[in-house]
2 protein chains.
Amino acid sequence: MPDNVEQFPIWRITETGRENTTDVVVREFTVTITLNNQEVATRLCSPRNLDYLAVGFLASEGLIEGKDDIKKIDVDSSGGTVRVTTKRDIQPARGQVKVDSDIEISPPQVFALIDDFVQRSEVFKATGGVHSAALGNAKNILVFNEDIGRHNAIDKVFGECLLNNIPTAGRLLITSGRVSSEILLKVASRNVPLLISKAAPTDLGVRLAQDLGVTLIGFARDRKMNLYANEWRIKR
Amino acid sequence: MPDNVEQFPIWRITETGRENTTDVVVREFTVTITLNNQEVATRLCSPRNLDYLAVGFLASEGLIEGKDDIKKIDVDSSGGTVRVTTKRDIQPARGQVKVDSDIEISPPQVFALIDDFVQRSEVFKATGGVHSAALGNAKNILVFNEDIGRHNAIDKVFGECLLNNIPTAGRLLITSGRVSSEILLKVASRNVPLLISKAAPTDLGVRLAQDLGVTLIGFARDRKMNLYANEWRIKR
């Protein structure tokens with residue numbers, strides 16, 4: 001499997017001068033996802049866990065529902081393709097319903113999860129160039145992935161869950177990236193009731209969180225957070 | 001024109017408690033760009049300067065070359081469409097050549113430009129949710145735009161330049177976002193010889209900068225920067 005990073009010689013310039021050094025740069029990879037021999041998407045991504053990316057993407061788009069739908073996954077890293085074959089024809093499922101879950105979590109638990117999340121973001125620490133996403137419960141992070149794209153990092157988390165029979169309903173998702181409407185819909189479609197972002201939401205992200213019953217936390221960093229919707233899941 | 005931000009009531013949680021307050025959230029807008037009545041792209045973006053976005057996008061894609069190609073631009077903010085009509089049929093121009101320019105700039109000039117760039121990022125200061133891009137010369141920022149998408153912010157800069165007859169060749173572009181291969185190609189296609197990013201490049205971004213003769217600076221912040229390619233344009 002190709003590596004996620006690569007070293008380059010660079011010049012480092014400060015107010016006091018210039019020196020030759022090396023920098024670890026994040027790799028960018030183009031992958032085409034096909035479903036039953038039909039091209040469905042091409043993504044700029046990080047080259048690891050391409051099977052998770054493809055399956056998570058297909059699930060987010062409503063094109064597969066679970067692992068049982070999948071007959072075969074062929075990953076061709078050198079050619080940049082992931083070919084997914086299903087057992088029967090695809091009937092795209094759509095129509096988002098409200099996320100229903102009684103999960104509650106306390107602010108200290110959120111702060112502890114974020115500390116763990118930041119610790120794990122190793123490629124980011126080395127390159128400053130990737131997003132991270134994680135699935136967890138109130139106490140632990142269960143699945144963690146990184147990618148140069150914030151959508152891809154989340155797709156990889158959901159793909160890993162789907163392939164390894166890890167439930168997502170009633171759990172929480174942590175992302176390093178902004179929460180746009182697309183991200184909120186992606187998370188709600190996996191029945192995740194709690195979305196925690198280190199970054200900002202958009203107006204449509206907030207509105208959809210309100211409407212779809214998702215508890216939305218933004219700017220979760222430095223032991224602070226903003227609570228934008230469905231605050232009742234955060235214990236007092 | 002719709003505004004770029006909106007206020008929401010939120011709860012602010014810290015280690016010492018929870019309080020009701022309001023937060024300024026960046027707006028997300030969907031716009032469809034048509035060229036001679038053909039749909040060419042749909043973008044999630046910030047709602048300001050949609051004409052710049054459309055024209056910059058079409059120029060980046062090689063679908064228009066200059067202002068003289070354009071007969072009419074209809075912006076429908078409520079419907080979320082920008083319709084661009086050209087004077088004659090479109091012959092997509094492609095094939096990237098090396099960027100040729102003798103421009104040089106000193107490290108103190110880069111640091112001063114970044115200070116100015118950060119000062120101007122007002123929506124980011126309010127919301128933490130947008131990217132910025134600017135065109136400048138060694139001494140001044142000439143054009144500045146913001147958008148929730150890093151590609152869109154750059155397209156808006158180039159669209160504004162194109163519509164207002166502001167040359168881009170031999171000048172520099174500053175971006176708050178990561179430099180992937182797509183960003184590097186977008187900048188090289190406007191003959192900009194110097195790209196300054198506050199964030200990280202990808203491996204393909206670095207390689208294309210080397211090959212296309214673009215001076216690439218990353219992590220330009222806190223009066224430091226990394227120089228990844230064509231360092232000769234940065235004066236000693």
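Residues numbered from 1 in each chain as written. Chains lettered and ligands numbered in written order. Predicted model: local features only at pLDDT ≥ 70, side-chain atom pairs only at ≥ 80, totals over all residues. Heavy atoms only, no water.

Chemist: Just checking my understanding: could you explain the overall build of chain A for this structure?
Modeler: Tallying secondary structure elements over chain A gives 6 helices and 12 strands in all. Here the C-alpha radius of gyration of chain A, 19 Å, is about what a compact globule of 236 residues would show, namely 18 Å. Seen through its principal axes, chain A has C-alpha atoms that stretch 55 × 50 × 30 Å. Expressed as a percentage of the 236 residues in chain A, the buried residues total 57%. Put simply, 48% of the contacts in chain A that link residues at least 6 apart link residues at least 24 apart. Averaging the locations of the 30 positively and 30 negatively charged side chains of chain A gives two centres separated by 3 Å. (Helix = DSSP H or I, 4+ residues; strand = E, 2+ residues; numbered from the N terminus. Rg over C-alpha atoms; globule rule 2.2 N^0.38 Å. Buried < 20%, exposed > 50% of the residue type's maximum accessible area, 1.4 Å probe, protein only. Contact = heavy atoms within 4.5 Å. Lys, Arg positive; Asp, Glu negative; His and termini not counted. Charge placed at Lys NZ, Arg CZ, Asp CG, Glu CD.)

Chemist: So what exactly am I meant to see when it comes to the interface of chain B and chain A here?
Modeler: A common way to state how big an interface is: give the accessible area lost once the parts meet. Between chain B and chain A, the contact holds 45 residues from the first and 45 residues from the second. A per-residue breakdown of the area chain B buries against chain A is headed by B:W11, B:R18 and B:E28, which together make up 16% of the total. Where chain B packs against chain A, one counts 6 salt bridges. Here chain B is connected to chain A by 28 residue pairs in polar contact (both at pLDDT 80 or more). (Buried area = accessible area lost by both parts, 1.4 Å probe. Salt bridge = Lys/Arg side-chain N within 4 Å of Asp/Glu carboxyl O. Polar contact = N/O pair within 3.5 Å; in protein donor to acceptor, adjacent residues only side chain to side chain.)

Chemist: Looking at this structure, how should I read the sheet that holds strand β12 (residues 224–229) of chain B?
Modeler: Strand pairs in the sheet, formed through backbone hydrogen bonds, run parallel or antiparallel to each other. Overall, mixed pairing links the 8 strands, which are arranged β2(A)-β1(A)-β12(B)-β11(B)-β10(B)-β9(B)-β7(B)-β8(B) in an open sheet. Sheet topology places β2 (17–26) of chain A together with β8 (141–147) of chain B at the edges, where each strand pairs with a single neighbour. Each strand of the sheet is rotated relative to its neighbour by a mean of 25 degrees, with strand direction disregarded. Across 4 bridges, strand β1 (residues 5–14) of chain A lies against β12(B) in antiparallel orientation. Looking at β12(B), one finds that A:T14 is bridged to B:K224. Across the sheet, helix α6 (residues 203–212) of chain B lies against β1 and β2 of chain A together with β11 (215–221) and β12 of chain B, angled at about 65 degrees from β1(A), the strand it touches most. (Pairing = 2+ DSSP bridges. Axes fitted to C-alpha atoms, helices over the stretch in contact; angles between N-to-C directions.)

Chemist: What's the story with the relation of the copies chain B and chain A in this structure? I'm lost.
Modeler: Copies of the same chain, two in number, are related to each other by a rotation about an axis and a translation along it. Once chain B is rotated about the relating axis by 180 degrees and shifted along it by 0.0 Å, it coincides with chain A to within an RMSD of 0.0 Å. Considering both components of the superposition, the chain copies are consistent with a two-fold axis. A symmetric contact is evident, with 100% of the interface residues of chain B recurring at the interface of chain A. (Least-squares fit on C-alpha atoms with pLDDT ≥ 70 in both.)

Chemist: Explain the packing of aromatic side chains here, please?
Modeler: We describe a pair of aromatic rings using the distance from one ring centre to the other and the angle between the two ring planes. Residues and elements named next belong to chain A. Per the counting criterion, the structure on display carries 2 aromatic pairs over all chains. Note on F117 and F144: the rings are 5.7 Å apart at their centroids and 70 degrees apart in plane angle, and the pair reads as edge-to-face. Here F117 is found in helix α2 (residues 107–120), whereas its partner F144 is found in strand β8 (residues 141–147), with 27 residues between them in sequence. (Phe/Tyr/Trp six-rings, centres within 6.5 Å; stacked < 30°, edge-to-face > 60°.)

Chemist: Where do I start with the environment of A:Q210 in this structure?
Modeler: Within the element layout of this structure, A:Q210 appears in helix α6 (residues 203–212). Along the backbone, A:Q210 and A:A229 are 19 residues apart, and their C-alpha atoms lie at a distance of 5.2 Å. Leave out the neighbours within four places in its chain, and A:Q210 touches A:Y228, A:A229, A:N230 and B:F8.

Chemist: When you look at the sheet that holds strand β5 (residues 70–76) of chain B in this model, what are you seeing that I'm missing?
Modeler: All names here are of chain B. Spatial strand order, β4-β3-β6-β5: 4 strands in an open sheet with mixed pairing. In this open sheet, the two edge strands, each paired with only one partner strand, are β4 (38–45) and β5. Strand-to-strand twist of the sheet, defined as the mean angle between neighbouring strand axes without regard to direction, takes the value 15 degrees. For strand β3 (residues 29–35) and β4, the ladder comprises 7 bridges, and the chain directions are antiparallel. Looking at the pairing, F29 lines up with C45 of β4.

Chemist: Teacher, can you tell me more about the confidence of the model for chain A here?
Modeler: As a general rule, the predicted coordinates of low-pLDDT regions are not to be interpreted in detail. Scored by pLDDT, chain A comes out at a mean of 92, with 98% of its residues at no less than 70. For this predicted complex, the interface confidence reaches an ipTM of 0.83, while the overall pTM sits at 0.88. (pLDDT = per-residue confidence, 0-100.)

Chemist: It is not clear to me how the packing of helix α5 (residues 181–189) of chain B against α6(B) should be interpreted in this structure. Could you clarify?
Modeler: All names here are of chain B. Axis separation between α5 and α6 bottoms out at 8 Å; the angle between their running directions is 25 degrees. Judged by the angle between their axes, α5 and α6 are roughly parallel. Where α5 crosses over α6, the handedness of that crossing is right-handed. Residues S181, L184, L185 and A188 of α5 touch α6, and the partners they reach there are L204, G205, L208, A209 and L212. (Parallel < 35°, antiparallel > 145°, perpendicular 65-115°, else oblique. Left-handed = near helix turned anticlockwise from the far one by under 90°.)

Chemist: Sorry if this is basic, but what is going on with the environment of B:N165 here?
Modeler: Its place among the elements puts B:N165 in the loop between α4 (150–163) and β9 (172–175). B:N165 sits 98 residues away from B:K67 along the chain, and the two C-alpha atoms are 7.6 Å apart.

Chemist: How do you make sense of unusual backbone geometry when you look at a structure like this?
Modeler: Among all residues except glycine, the phi angle is most often negative; among peptide bonds, the trans geometry is most common. If you check the backbone angles, A:N230 has positive phi at about 50 degrees while not being a glycine. Look at A:N230 and you get buried, because its relative accessible area is 18%. With a phi close to 70 degrees, B:N37 is a non-glycine residue in the positive phi region. Of note, B:N37 is situated in the loop between β3 and β4.

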